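# Structural description and commentary
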Amino acid sequence: MRCALALLIVLASAVVSAQRSAIYDGERQVRLEGAVTRVEWVNPSAFVFIDVRDPGGVVANWAIEVGNPIELERHKWTRRSLRIGDIVTVDGVPARGPSHQVLARSIVHKSSGKRLFETPAARTAGAVRSAPPPRWPDGQVRLGPAPGQKGYWSPIGPKALVESTAANVRMNDDGLLMNLADADRVAPMLPWAKAVYLLRQRTLLKDDPMTRCMPPGGPRQFQMPNGVQFIEQRDLGRILVLMGGGNRNWRVIYTDGRPQGQAAEVVLTYYGNSVGRWDKDTLVVDSIGYNERFWFANGGLPHTEALHLVERFSRPDLNTLRYEVTVEDPRTYTRPWTGGWTLQWVAGEDIEEYFCEEGRTP
Amino acid sequence: MRKAAVYLIGSALALSALSATAQEGHPLTGTWSGDWGPGAAQRNHITMVMAWDGKTVSGTINPGPDAIPVNAIALDVTKWTVRFEADAKGASGPARITAEGRLDDIASAHRTISGTWQQGTTKGDFKLTRD
């Protein structure tokens, strides 16, 4: 109960999906009223469609993005929470351009006055009672659930990679800076990289490869709204990282003691060539061999094939996964730099099915 | 025969998928192709390969037996302009190449560079598209 009181109540749609900055115009607000014509309950975002009559009597069908259906169902909202023909009032942020699409901030059922699709979106720090991390029989920390249980990791707090020494760099969940003058504090970029980063920021991240269903390689896999799951295959000497976002794909971290290859010899991939070792309770993963076809963090930080990442995963308690990454890419950054964030354990659930569909419209 | 057709179709699909994938690293890195010439009626094919090593962009025009190493490539990121110089071997002796162009559609896999090209005493225009 105390835990529940500590939750912040907001509409799920405000937090669940990345790349909204390119779609919606956060500077504007609209209020719509109309009858429900369709409910599309699909991952990663559910839509309600309503017919809205303008003052001239012309009717247009609007798509209202209401949030992630998994998150919504977790809080007892279902595809049947609204019926065809129900009249609703929607307050939200309209899409850029002429399309009839809105990101809902609130939806109110007109006849009952009930507010729909509200979910607890963020837990306040320390609100969740924790326990020691689960361990293997030999004492090593598990990154997954204890035997017989299930769960996955979900990012909390900022969802963008920023150098850890930079204070108060304000950006949204997509990694879009509130003030472009902060670009120099995000990471120590070479001039070309800063110019590319600013170009991506100024164009509101519209060319993000993830919008074309390219995988979220590098730290970005731990920024995905649908979370990640670790499958530790100790007998095979590897850990699989299953992505809830991106395109339902996975990454392999080899823990069989093999040495890291030479960058010039490995096949360049989206998730790179990763070898990991345990340093007491911290998994240290060294990765090279990345291709240049993706953005490795929300917000459009560039990289080249010279990208070298050292990631550190530690689980100080059951519910907390600390993620820290040192980025080294001398063709993009003036020096190695480090950032990170925390992921929170979502107990009793698995990541859900999500397939990215290029060009999907609601 | 049918196997060969399937293979060809498969290869074509694979190539089209590859060509649709953007390159998100240094904007000059990659293979570019296009042409230059003094006018529409007289065009010369160019293939140019560029690579960024963290300090300089190196390049080669028309790789192969008649390759021309590019001496200098400069990218001005404040204006997204590119300038490069090379020494070609012409029929009547060496011919200096100086080209200056603008990088456009930077976010695209098929970004372009277009501008002016001078080779020896011949002046013209050029356009390169990243493959």
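Remember, predicted model here, so these are calculated numbers, not experimental data.

A few words now on the overall build of chain A. On a plain count of helices and strands, chain A comes out with 4 helices and 17 strands. For chain A, with 362 residues in total, the buried portion stands at 40%. For chain A, long-range pairs separated by at least 24 residues make up 61% of all intrachain contacts whose partners lie at least 6 apart in sequence.

Here the focus is the overall build of chain B. In terms of helices and strands, chain B carries 1 helix and 8 strands. Mapped from its N terminus to its C terminus, chain B presents α and β elements in the order α-β-β-β-β-β-β-β-β. With 131 residues in all, chain B has 24% of them scored as buried. Across chain B, every contact between residues at least 6 apart in sequence was considered, and the portion connecting residues at least 24 apart equals 32%.

This next bit is on the interface of chain A and chain B. Contacts between chain A and chain B engage 17 residues on the former and 14 residues on the latter. Each residue belonging to the side of chain A that touches chain B can be placed in one class, and the counts come to 10 nonpolar, 2 polar and 5 charged.

In this section: the sheet that holds strand S3 (residues 57-61) of chain B. Residue and element names in this part refer to chain B. With respect to topology, 8 strands assemble into a closed barrel ordered S1-S2-S3-S4-S5-S6-S7-S8, the strand pairing being antiparallel. Within the sheet, the average angular offset between the axes of one strand and its neighbour, ignoring direction, is 25°. The pairing of strand S7 (residues 112-119) with strand S8 (residues 122-130) spans 8 bridges and is antiparallel. Looking at the pairing, Ile113 lines up with Leu128 of S8.

So, on to the domain arrangement of chain A. According to the domain assignment, chain A contains domain 1 (2-123) and domain 2 (151-347). Relative placement of domain 1 of chain A and domain 2 of chain A: their C-alpha centres are 31 Å apart.

Right, let's talk about helix H4 (residues 191-202) of chain A for a bit. All names here are of chain A. The end-to-end C-alpha distance of H4 is 16 Å, a good match for the 16 Å that 12 residues give at a rise of 1.5 Å each. Every buried residue of H4 is accounted for by Ala193, Ala195, Val196, Tyr197, Arg200 and Gln201. Packed against the buried residues of H4 are helix H3 (183-186). Downstream of H4 by a residue or two, Leu204 has a phi angle that is positive, lying close to 55°.

What follows concerns the nonpolar core. Counting 32 residues, the largest nonpolar core has Ala187, Met189, Ala193, Phe296, Ala297, Leu301 and Tyr333 of chain A as the members making the most contacts within it. Of all the elements in the fold, those that place two or more residues in this core are H4 and strand S16 (320-328) of chain A. In terms of residue count, H4 of chain A provides more of this core than any other element does, 4 residues in total. Apart from the residues lying within four places of it in its own chain, the contact partners of Ala297 of chain A are Ala160, Leu161, Gly175, Gly218, Pro219, Arg220 and Gln223 of chain A. If you look at the next biggest cluster of nonpolar residues, it comprises 22 residues, including Trp32, Val70, Phe84 and Leu128 of chain B.

Residues and elements named next belong to chain A. Residue position: Lys159 is located in the loop between strand S9 (151-156) and H3. With 51 residues separating them along the chain, Lys159 and Met210 place their C-alpha atoms 15 Å apart. What Lys159 contacts, discounting residues up to four positions off in sequence, is Asp173, Gln223 and Asn298.

With phi around 60°, Phe117 of chain A is a residue other than glycine that occupies positive phi space. Looking at the element boundaries, Phe117 of chain A is found in the loop between strand S7 (115-116) and strand S8 (118-123). Residue classification places Phe117 of chain A among the buried positions, given that 22 C-beta atoms sit within 10 Å. Unusually for a residue other than glycine, Trp80 of chain B sits at a positive phi of about 55°.

So, about the pairing of S9 of chain A. Residue and element names in this part refer to chain A. Judged by how many residues are buried, S9 sits mostly within the fold: 5 of 6 residues are covered. Inspection of the sheet shows S9 paired to strand S17 (residues 337-347) by 6 bridges, in the antiparallel sense. When the sheet's bridge partners are listed, Tyr152 is paired in S17 with Val346.

Of the residues in chain B, 84% reach a pLDDT of 70 or more, and the chain-wide mean stands at 87. The ipTM value of the predicted complex is 0.84, and its pTM value is 0.81.

A few words on the pairing of strand S6 (residues 101-109) of chain A. Residue and element names in this part refer to chain A. Sheet analysis places strand S4 (residues 59-67) next to S6, joined by 3 bridges and oriented parallel. Residue Glu65 lies in a different strand from S6, and its bridge partner there is Leu103. For strand S5 (residues 87-94) and S6, the ladder comprises 7 bridges, and the chain directions are antiparallel. Paired with Val90 across the two strands is Ile107, which belongs to S6. The antiparallel hairpin formed by S5 and S6 contains 6 residues in its connecting segment, where Gly97 sits at a positive phi of about 80°.

Turning to the environment of Leu343 of chain A, a few remarks are in order. Residues and elements named next belong to chain A. Along the polypeptide, Leu343 turns up in strand S17. The sequence separation of Leu343 and Ser154 amounts to 189 residues, and the corresponding C-alpha distance is 5.3 Å. Filtering out sequence-adjacent residues up to four positions away, Leu343 remains in contact with Trp153, Ser154, Pro155, Ile156, Phe222, Leu321 and Tyr323.

Moving on: the confidence of the model for chain A. Residues and elements named next belong to chain A. Looking at chain A as a whole, its pLDDT mean stands at 87, while 90% of the residues score no less than 70. Across residues 1-18 the pLDDT falls below 50, and counting only partners more than four positions away or on other chains, this stretch makes 52 contacts in the model. Contacts from residues 122-127, a stretch scored under 50 in pLDDT, to residues over four places away or in other chains number 11 contacts.

With that settled, consider the environment of Gln201 of chain A. All names here are of chain A. Position of Gln201 among the secondary structure elements: in helix H4. The exposure class assigned to Gln201 is buried, which follows from the 20 C-beta atoms found within 10 Å. When the C-alpha atoms of Gln201 and Gly92 are compared, they prove to be 23 Å apart, with 109 residues separating the residues in sequence. In contact with Gln201, other than residues within four places in its own chain, are Leu176, Leu177, Leu180 and Gly300.

Definitions and limits used
- Residues numbered from 1 in each chain as written.
- Chains lettered and ligands numbered in written order.
- Predicted model: local features only at pLDDT ≥ 70, side-chain atom pairs only at ≥ 80, totals over all residues.
- Helix = DSSP H or I, 4+ residues; strand = E, 2+ residues; numbered from the N terminus.
- Buried ≥ 20, exposed ≤ 12 C-beta atoms within 10 Å, placed from the backbone.
- Contact = placed C-beta atoms within 7 Å.
- Nonpolar A, V, L, I, M, F, W, Y, C, P; charged D, E, K, R; others polar.
- Pairing = 2+ DSSP bridges.
- Axes fitted to C-alpha atoms, helices over the stretch in contact; angles between N-to-C directions.
- Domains from an automatic or database assignment.
- Expected span 1.5 Å × (residues − 1).
- Core = buried A, V, L, I, M, F, W, Y, C linked by C-beta atoms within 7 Å.
- pLDDT = per-residue confidence, 0-100.

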